[in-house]
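Fold and geometry: a report
Below are the chains, spelled out letter by letter.
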Amino acid sequence: MSDAIFETTHDMIMMARRNLDQDNWDYICGAAESETSLRRNRMALDCLAFRPRICRDVSEIDTETDFFGHKLRIPVLLAPMGGIERFSANGGIDVDNAAEEFGSVNFLSTVCQPSLEEVADNSPHPKSFQIYVRGDDDWIKDLVRRVVKANYASVTLTVDSAFYGNRERLNPAQLALRRVAAREWQKKITWETVKLIQDEIGDIPLILKGIMTAEDTALAVEHGVQGIYISNHGGRQLDHVLGNIQMLPEVVEAVDGKAQVFIDGGFTRGTDIVKALILGAKAVGIGRLQAYALGAGGAEGLVRCLELLEREINTTMGLIGVTSLDELSSASVTEAMPVTLPHEHSAFPHLPGGKVG
Amino acid sequence: MEFKTNHEIIRRARRNARGPVWDYLAGGSESETAMRRNRFGLDSIALKPRVLRDVSEIDYATTVMGHKSRMPVFLAPMASLQLVTPAAAQAVDDAAEEFRILNMLSGRSRPSLEEIAMNSLHPKVYQMYVRGGRDWLEELLGRVKQNNYDALAVTVDAAVYSNRERQMLAGWTPPTRTNSAGREFLAGLSWDTWDEIRQIWGGPMILKGVSRPEDAEIGVQHGASVIYVSNHGGRQLDHDRATIQVLPDIVAAVDGRAEVFIDGGFMRGTDVIKAVALGAQAVGIGKLQAFALCAGGLSGLINCLTILEDEIRIGMGLLGVSSLDQLNPSYLAKGRAVNPAHEMSAFPHIPGGRLT
């Protein structure tokens with residue numbers, strides 16, 4: 001599949017655009033209402049600048065870290081994406097194959113194909129199952145028992161989706177398809193739901209995805225949650241929240257070392273990833289980028305995309321003057337004014353017209 | 001003079017350059033944020049003029065590393081300039097000699113350092129990328145010494161070659177990238193390497209690619225004559241800060257123990273004045289130099305320098321200063337940038353605002 005070979009992420013995005021129809025493109029690129037949250041994610045990343053050190057031997061750079069004890073080749077996770085099969089024929093299997101081949105961890109969404117058992121059987125590496133609640137407590141228990149039985153290494157509960165964000169790029173028919181009646185159960189999620197899941201999974205780490213305040217971080221830590229996943233759902237849920245990376249310092253402080261912190265939202269470059277790690281994130285999820293990669297070249301495209309990210313992370317670390325992730329410190333970053341108008345493709349200034357609609 | 005403004009020089013350069021060569025000259029790394037920040041940093045400084053001061057005689061001459069310089073500008077080292085015009089490095093050296101400013105010969109350009117040194121009487125600097133061990137250094141630095149280069153600039157912001165996506169999208173690789181022999185020595189660079197070079201070389205040294213005061217301090221302690229503030233024109237680490245933004249802290253750290261040079265997005269006389277007011281001894285031009293060479297070779301570069309000189313004269317006169325030593329931070333204020341920053345944003349009359 002030589003189509004999958006692209007030299008830059010620019011090429012990858014253009015290739016994905018050619019392969020995907022308008023509905024799928026709008027679904028992946030778009031966000032809620034005015035798309036302010038989406039733009040703020042990029043804006044916040046663009047408001048940080050590096051302070052590089054020189055003359056430090058950087059011949060050997062180590063980008064490795066771990067996700068609950070499992071080795072990650074780079075501090076990048078494949079964020080859960082509903083309907084991932086729209087971008088790549090084998091859906092969750094393609095993502096899983098890419099994670100296995102590259103050395104990443106993938107999150108399997110409740111609402112994607114194929115089944116959680118099929119994906120679990122596909123490869124040996126540990127993966128995380130992401131839960132959307134689509135039924136009562138018994139429904140949740142049944143689902144979680146299947147997840148445990150299938151040996152998922154961690155469980156992720158999404159907590160930012162009580163309502164479905166108005167994604168105005170979608171045409172009314174597409175939007176209606178996604179507003180299924182069972183979604184109503186999402187509104188009933190409380191800390192009781194968290195306990196219910198914890199009782200079922202025992203020692204398996206639980207991650208709450210969609211936390212955006214220090215207050216909820218503190219509550220989650222009190223409840224024994226092991227993973228705090230900062231996310232505004234790529235700007236696809238509540239409009240007008242802050243850029244995700246702005247939340248990192250207060251969340252990291254509230255966690256106080258008692259849980260791991262993950263983040264996603266607009267991360268598309270090695271420099272973005274390094275900034276999040278400098279501010280205390282353990283690893284960064286990629287969502288849109290993952291979908292573009294799958295759209296451009298399936299599992300092979302996704303592996304290639306991760307290779308490009310790895311190259312960028314290496315370049316960034318080398319030019320900052322650090323050789324391993326634990327050397328990163330807040331002295332390497334400072335506030336700056338953004339120099340481009342932020343949008344979902346603004347990290348890619350050479351796209352024709354600046355943005356692919 | 002063929003060109004009255006640098007607008008015309010850029011337009012002519014664009015017509016003359018082959019596509020990938022233009023991508024190489026005009027582009028930065030990855031998202032080109034660092035490159036844009038350089039301009040944004042300059043655009044975020046406003047000038048505060050004084051009035052009713054006699055400015056009938058304006059003197060913008062200075063000294064650079066002890067050598068007289070017609071203006072506080074030098075020609076920054078640029079690799080692969082031969083892509084722009086054959087024997088480009090020769091044209092750069094000739095322009096520096098004719099205009100009486102300093103130039104830095106890139107170790108990665110043609111013709112050779114010996115050919116350049118022939119018939120060249122003016123002071124000049126050799127810029128090196130470290131691409132070998134002790135023997136390699138001794139051999140190269142011996143040649144540089146033998147050919148009477150006055151100072152040595154060591155580039156330290158290129159531990160890893162960055163992704164310059166304009167040229168990657170065009171499927172083109174510059175000669176500096178194709179020949180990767182000894183690249184591992186750039187990654188392995190340390191202060192020990194610097195000291196080893198210093199011991200072999202024995203003359204004045206320029207530390208090029210500094211953006212933090214901590215490193216400026218170490219550089220001074222290790223005998224650097226010049227701390228050269230640069231982010232490689234935004235072509236190496238993306239998301240670095242604007243060089244003009246980091247200049248004050250570095251000038252403070254250096255505290256007169258070395259000269260401070262700067263480059264990165266300098267296109268106008270007012271840009272140069274801002275850097276001097278913040279304590280820079282001289283300002284390097286890179287992209288502008290390349291555009292000028294591309295527009296008209298040696299005469300294009302002389303023409304461009306003449307325009308820049310005129311802008312410095314006008315800027316100083318309207319600011320109410322008649323010599324460079326009168327410039328200080330009291331002439332500057334924080335201002336909001338009024339246009340989106342990019343590599344050509346100092347030239348608002350370019351068709352479409354930007355030539356790609």
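Residues numbered from 1 in each chain as written. Chains lettered and ligands numbered in written order. Predicted model: local features only at pLDDT ≥ 70, side-chain atom pairs only at ≥ 80, totals over all residues. Heavy atoms only, no water.

1. Digging into the sheet that holds strand S11 (residues 282-285) of chain B
Residue and element names in this part refer to chain B. Pairing is parallel across the open sheet formed by eight strands, whose spatial order is S4-S11-S10-S9-S8-S7-S6-S5. One side of each edge strand has no neighbouring strand; the edge strands of this open sheet are strand S4 (73-75) and strand S5 (104-106). Neighbour-to-neighbour, the strand axes of this sheet turn through a mean angle of 30°, independent of strand direction. Sheet analysis places S5 next to strand S6 (residues 125-128), joined by three bridges and oriented parallel. Each bridged residue has a counterpart across the sheet, and for Met-104 the counterpart in S6 is Val-125. (Pairing = 2+ DSSP bridges. Helix = DSSP H or I, 4+ residues; strand = E, 2+ residues; numbered from the N terminus. Axes fitted to C-alpha atoms, helices over the stretch in contact; angles between N-to-C directions.)

2. A look at the packing of aromatic side chains
Tallied over the entire structure, the rule returns 15 aromatic pairs over all chains. Residues B:Trp191 and B:Trp194 carry aromatic rings whose centres are separated by 6.3 Å and whose planes lie at 75° to one another, so their mutual orientation is edge-to-face. Of the two residues, B:Trp191 and B:Trp194 both sit in helix H10 (residues 191-201), three residues apart, roughly one turn of that helix. Classification of B:Trp191 as buried rests on a relative accessible area of 12%. On the basis of relative accessibility, which here comes to 2%, the residue B:Trp194 falls in the buried class. One aromatic cluster in this structure is built from A:Phe67, A:Phe68, A:Phe107, A:Tyr229 and A:Phe262. Here A:Lys209 stacks its cationic end above the ring of A:Tyr229, 5.5 Å away from the centre of that ring. (Phe/Tyr/Trp six-rings, centres within 6.5 Å; stacked < 30°, edge-to-face > 60°. Buried < 20%, exposed > 50% of the residue type's maximum accessible area, 1.4 Å probe, protein only. Lys NZ or Arg CZ within 6 Å of the ring centre and 35° of its normal.)

3. Observations concerning the nonpolar core
Counting 106 residues, the largest nonpolar core has B:Met128, B:Ile227 and B:Phe291 as the members making the most contacts within it. Element by element, the count of residues in this core is highest for helix H14 (residues 287-319) of chain B, at 16 residues. Residues contacting B:Met128, with those up to four places away along its chain left out, are B:Trp136, B:Leu137, B:Leu140, B:Leu141, B:Leu152, B:Ala153, B:Val154, B:Thr155 and B:Ile197. Within the second largest apolar cluster, 102 residues are counted, among which are A:Leu108, A:Leu196, A:Ile286 and A:Val322. (Core = buried A, V, L, I, M, F, W, Y, C linked by side-chain atoms within 4.5 Å. Contact = heavy atoms within 4.5 Å.)

4. Re the pairing of strand S8 (residues 206-211) of chain A
All names here are of chain A. Of all the six residues making up S8, six are buried; the element is thus mostly covered by neighbouring parts of the structure. When strand S7 (residues 154-158) meets S8, the two strands line up parallel, connected through four bridges. Note on S8: the bridge partner recorded for Thr-158 is Lys-209. For S8 and strand S9 (residues 227-230), the ladder comprises four bridges, and the chain directions are parallel. When the bridges of S9 are listed, Ile-207 appears paired with Gly-227. Taking the sense of rotation as the criterion, the β-α-β connection linking S8, helix H9 (residues 214-222) and S9 turns out right-handed. (Right-handed = clockwise from strand over helix to strand, strands pointing away.)

5. Considerations on the sheet that holds strand S5 (residues 105-109) of chain A
Residues and elements named next belong to chain A. Spatially, eight strands are ordered S4-S5-S6-S7-S8-S9-S10-S11 in a closed barrel, and the strand pairing comes out parallel. Direction aside, the axes of adjacent strands within the sheet are offset by 30° on average. Direction of pairing for strand S10 (residues 260-263) relative to strand S11 (residues 283-286): parallel, over a ladder of two bridges. Bridge assignment links Phe-262 to a residue of S11, and that residue is Ala-283. Strands in contact with H9 are S8 and S9; relative to S8, the strand with the most contacts, it is inclined by about 170°.

6. As for the environment of B:Arg12
Residue and element names in this part refer to chain B. Here Arg-12 is to be found in helix H1 (residues 6-16). The exposure class assigned to Arg-12 is partly exposed, which follows from its relative accessible area of 25%. Spatially, the C-alpha atom of Arg-12 lies 5.1 Å from that of Ala-295, the residues being 283 residues apart in sequence. Not counting residues within four places of it along the chain, the set of residues in contact with Arg-12 comprises Glu-2, Phe-3 and Ala-295. Within polar-contact distance, the side chain of Arg-12 engages the side chain of Glu-2 at 3.0 Å. (Polar contact = N/O pair within 3.5 Å; in protein donor to acceptor, adjacent residues only side chain to side chain.)

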